[in-house]
Amino acid sequence: MLFSIGIIILLGLIIGWLCSKIRLPRIVGMLVAGILLGPYCANVLDPAILDISGDLRKIALIIIIAKAGLSLDITDLKRIGRPAVMLCFVPATLELLAFVLFAPKIMGVTTLQAAILGAVMGAVSPAVTVPRLTKMIDDGYGVKKGIPQMLIAGASADDIYVIVFFTTLVGLEAGGDMNAMSFLRIPAEIIFGAALGALLGLGLAFYFKKIQIRDSLKVTIIMAFSMLLYWLEGLAPVSGLLAVMAMGIAINRKRPVVAKRLGTKFSKLWVAAEIFLFVLVGSTVNIGYVTKAGIGMVIMLFIGLAFREVGTLLSVLGTGLNKKEILFCLISQLPKATVQAAIGGVPLAMGLACGNTVLTMAVVSIVITAPLGALGMDATMKKFISKDKEDIQEEIKEDK
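Residues numbered from 1 in each chain as written. Predicted model: local features only at pLDDT ≥ 70, side-chain atom pairs only at ≥ 80, totals over all residues. Heavy atoms only, no water.

S.K.: Mind showing me how you'd approach the overall build of the chain here?
M.R.: Scanning the chain for helices and strands turns up 21 helices and 0 strands. Its C-alpha radius of gyration of 20 Å places the chain within 12% of the 21 Å reference for a compact globule of 400 residues. Across its three principal directions, the C-alpha atoms of the chain cover 60 × 50 × 45 Å. The burial tally for the chain puts 54% of its 400 residues in the buried class. Carbon and sulfur atoms provide 67% of the accessible area of the chain, an area that totals close to 17200 Å². Of the side chains in the chain, 37 bear a positive and 26 a negative charge, and the two mean positions are spaced by 5 Å. (Helix = DSSP H or I, 4+ residues; strand = E, 2+ residues; numbered from the N terminus. Rg over C-alpha atoms; globule rule 2.2 N^0.38 Å. Buried < 20%, exposed > 50% of the residue type's maximum accessible area, 1.4 Å probe, protein only. Areas by Shrake-Rupley, 256 points an atom, 1.4 Å probe, with all protein chains shown as cover. Lys, Arg positive; Asp, Glu negative; His and termini not counted. Charge placed at Lys NZ, Arg CZ, Asp CG, Glu CD.)

S.K.: Sorry if this is basic, but what is going on with the pattern of salt bridges here?
M.R.: Opposite charge on two side chains makes pairing possible when the charged atoms of those side chains draw close. All chains considered together, the criterion is met by 9 salt bridges. Linking Lys 135 and Asp 139 is a salt bridge whose minimum nitrogen-to-oxygen distance equals 2.6 Å. Within this pair, Lys 135 and its partner Asp 139 are both found in helix α9 (residues 126-139), separated by 4 residues, close to a single helical turn. Looking at Asp 139, the relative accessible area reads 23%, which means it is partly exposed. (Salt bridge = Lys/Arg side-chain N within 4 Å of Asp/Glu carboxyl O.)

S.K.: How should I be thinking about the environment of Leu 269 in this particular structure?
M.R.: As for its position among the elements, Leu 269 is in helix α14 (residues 256-283). With relative accessibility at 35%, the residue Leu 269 sits in the partly exposed group.

S.K.: How do you make sense of the state of the cysteines when you look at a structure like this?
M.R.: Linking two cysteines covalently through their sulfur atoms gives a disulfide. Taken as a whole, this structure holds 0 disulfides when the rule is applied. Of all cysteine sulfurs, the one in Cys 41 lies closest to Cys 19, which takes part in no disulfide; the gap is 15 Å. Free cysteine: Cys 88, not disulfide-bonded; nearest cysteine sulfur from Cys 329 at 13 Å. By relative accessible area, Cys 88 is classed as buried at 18%. (Disulfide = S-S within 2.5 Å.)

S.K.: Explanation requested: the nonpolar core in the structure shown.
M.R.: Note on soluble globular proteins: their nonpolar side chains tend to be buried together. Within the largest apolar cluster, 122 residues are counted, with the highest numbers of intra-cluster contacts made by Ile 8, Trp 270, Phe 278, Phe 328 and Met 361. When residues of this core are assigned to their parent elements, the largest contribution, 16 residues, is made by helix α10 (residues 147-173). If we ignore the near neighbours within four places in the chain, the residues touching Met 361 are Phe 99, Met 107, Leu 117, Met 121, Met 297, Met 300 and Leu 301. (Core = buried A, V, L, I, M, F, W, Y, C linked by side-chain atoms within 4.5 Å. Contact = heavy atoms within 4.5 Å.)

S.K.: Is there a simple way to think about the side chain of Glu 95 in this case?
M.R.: For Glu 95, the position within the fold is in helix α7 (residues 90-107). For Glu 95, a relative accessible area of 0% corresponds to the buried category. Among residues more than four places away in sequence, those in contact with Glu 95 are Met 121, Gly 122, Gly 304, Leu 305, Phe 307, Arg 308 and Lys 336.

S.K.: Can you help me understand the environment of Ile 343 in this one?
M.R.: Here Ile 343 shows up in helix α18 (residues 338-343). Setting aside residues no more than four positions away along its own chain, Ile 343 makes contact with Val 120, Ile 163 and Phe 166.

S.K.: Honestly, the packing of aromatic side chains in this entry has me stumped. Any pointers?
M.R.: Note on aromatic pairs: each is described by the distance of the centres and the angle between the planes. Within the structure shown, the criterion is met by 2 aromatic pairs. Here the aromatic rings of Phe 102 and Phe 307 are separated by 5.9 Å at their centres, their planes lie at 70 degrees, and the arrangement is edge-to-face. Residue Phe 102 is found in helix α7, and its partner Phe 307 is found in helix α16 (residues 295-316); the two are separated by 205 residues along the sequence. Judged by relative accessible area, which is 25%, Phe 307 ranks as partly exposed. In this structure, Lys 58 packs its charged tip against the face of Tyr 230, placed 5.9 Å from the ring centre. (Phe/Tyr/Trp six-rings, centres within 6.5 Å; stacked < 30°, edge-to-face > 60°. Lys NZ or Arg CZ within 6 Å of the ring centre and 35° of its normal.)

S.K.: Sorry if this is basic, but what is going on with the side chain of Glu 309 here?
M.R.: Positionally, Glu 309 belongs in helix α16. Among buried charged residues, Glu 309 stands out as having no salt bridge; its nearest opposite-charge side chain is Arg 308, 5.8 Å away.

S.K.: Looking at this model, I keep getting lost on the packing of helix α4 (residues 53-71) against helix α12 (residues 215-232). Mind explaining?
M.R.: What describes two packed helices is the angle between their axes and the distance between those same axes. Where α4 contacts α12, the axes come no closer than 10 Å and their chain directions differ by 120 degrees. Taken together, the axes of α4 and α12 are oblique relative to one another. In the packing of α4 onto α12, the handedness of the crossing is right-handed. Of the residues in α12, those touching α4 at Lys 58, Ile 59, Leu 61, Ile 62 and Ile 63 are Met 223, Ser 226, Met 227 and Tyr 230. Its residues assigned to classes, the contact of α4 with α12 comprises 7 nonpolar, 1 polar and 1 charged. (Axes fitted to C-alpha atoms, helices over the stretch in contact; angles between N-to-C directions. Parallel < 35°, antiparallel > 145°, perpendicular 65-115°, else oblique. Left-handed = near helix turned anticlockwise from the far one by under 90°. Nonpolar A, V, L, I, M, F, W, Y, C, P; charged D, E, K, R; others polar.)

S.K.: So what exactly am I meant to see when it comes to a positive patch on the surface here?
M.R.: A cluster of basic residues, Lys 78, Lys 209, Lys 210, Arg 253 and Lys 254, forms a positive patch at the surface. Those elements that place two or more of their residues in the positive patch are α11 (180-210) and α13 (240-254). Its place among the elements puts Lys 209 in helix α11. The class of Lys 209 is exposed, set by a relative accessible area of 52%. (Patch = residues over 30% accessible without salt bridge, like charges linked within 9 Å, V, L, I, M, F, W, Y side chains within 5 Å.)

Next comes the structure, spelled out in C-alpha cells:
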C-alpha cells in the first residue's frame with residue numbers, strides 16, 4: 001500500500017502541475033492520473049487502497065465542507081438574505097428536475113435512475129469555486145455586496161442538499177419502498193443536521209476559549225467530531241455534512257479569529273486530500289465504458305446546466321447586482337467536481353444497475369465543466385467584480 005500511496009501523490013501532483021501549465025484545473029490532471037493507475041489501465045494500485053477509497057473520498061469531502069463552514073460569516077448571510085438561501089437549493093432542484101424530465105428519453109434510464117443522476121449532477125464544486133471565492137474575500141472583491149459569501153453558501157449548502165436526496169434515492173433503487181416518509185426524511189435530516197452541528201460548534205467555541213491548545217490540535221478535534229457526525233448520518237435522520245458545515249459556521253460566529261486560522265489549516269489539509277479524492281475517483285473509471293458513453297451524456301449534461309443557470313438567475317435577480325456581476329454568478333455555477341467525485345462511484349459500489357452510468361456521467365461532467373468553470377471564474381473575477389473601496393484606499397496608503 002505504501003507504493004500505491006506514494007505513486008498516487010507523485011503522479012497526481014505531476015499531471016496536475018502539467019495541466020496547470022496549460023491553464024486547466026489541476027483536478028483534471030489528478031483524474032487522469034487515477035485513470036492511468038487504475039485497474040482498467042496500468043493496474044498498479046494495491047487492491048487494499050481501492051477497498052478504502054470510498055472512506056478516503058468521504059474524508060476529503062469533510063475537509064472542504066469544514067473549510068467552507070469556517071469561512072462563512074452568518075451575519076453576512078443574514079444580510080444577503082433571500083438570494084443566499086435560494087442559491088442553496090433552487091439551482092440544484094432545477095438541475096435535478098431537468099434529469100427527471102429528459103434523461104429517461106435521452107439516456108434510456110428509469111425515472112428513479114434519472115433522479116439519482118440529477119442528484120449527483122445537482123451540486124456545484126466547492127473544490128473549484130470555494131478557493132477562488134475565499135481569495136475574493138481576502139482580496140476585497142465584491143465583499144460589500146456579499147457576492148463571494150453568497151456563492152460560498154450556495155456552493156456548500158447545495159452539496160449537502162443533493163447528497164441528502166442522493167442517499168434517499170439510492171436506497172430506493174437498492175430495493176427500498178418509495179413513500180411519503182422517505183421524502184419527509186429529507187427536511188428532517190436538514191433541520192436536525194443544522195441544529196446538531198450548530199450546538200456542537202458552540203460547544204467547541206466555548207472550549208477553545210477556555211482551554212488554550214494549539215491550532216493543529218483544534219483541527220484534529222474538529223476532524224474527529226466531523227467524522228462522527230458523518231458516521232451518525234447512517235444511524236439517525238441527520239445530514240452529517242450539513243452538521244459539519246453548521247459546526248464551522250458556529251465556531252466562526254463565536255470565535256472569528258480562531259476560525260480564520262483554522263480555515264488556513266484546513267486549506268493545507270485540502271492540498272493532500274484533493275489529490276487522493278480525484279486520483280482515486282479516476283481509478284474507478286472504466287475507460288471502455290466512457291468511450292461508449294455517447295453524445296447523449298454530453299447533451300444531458302448541458303441541458304442540466306441550462307436549467308441550473310435559470311435557477312441561479314432566479315436566485316440573484318432583484319439583488320442590486322449589475323449584469324457583469326450576475327454573469328460571474330452564472331459562471332461560478334458551472335464546475336462539477338467534488339461531490340461528483342465523492343458519490344459518483346457509490347451506486348456502482350452498491351451493485352446498482354445504473355452504477356456504471358452514474359460514475360461515467362460524473363467523470364464526464366468533471367472533465368468538461370471543471371475547466372470551464374475554473375477558467376471562466378479566473379478570467380472574469382477582476383473584470384466583472386469591483387474591488388471594495390476601503391480595500392483600494394488601504395492599498396493606496398500602503399503604497400505611500
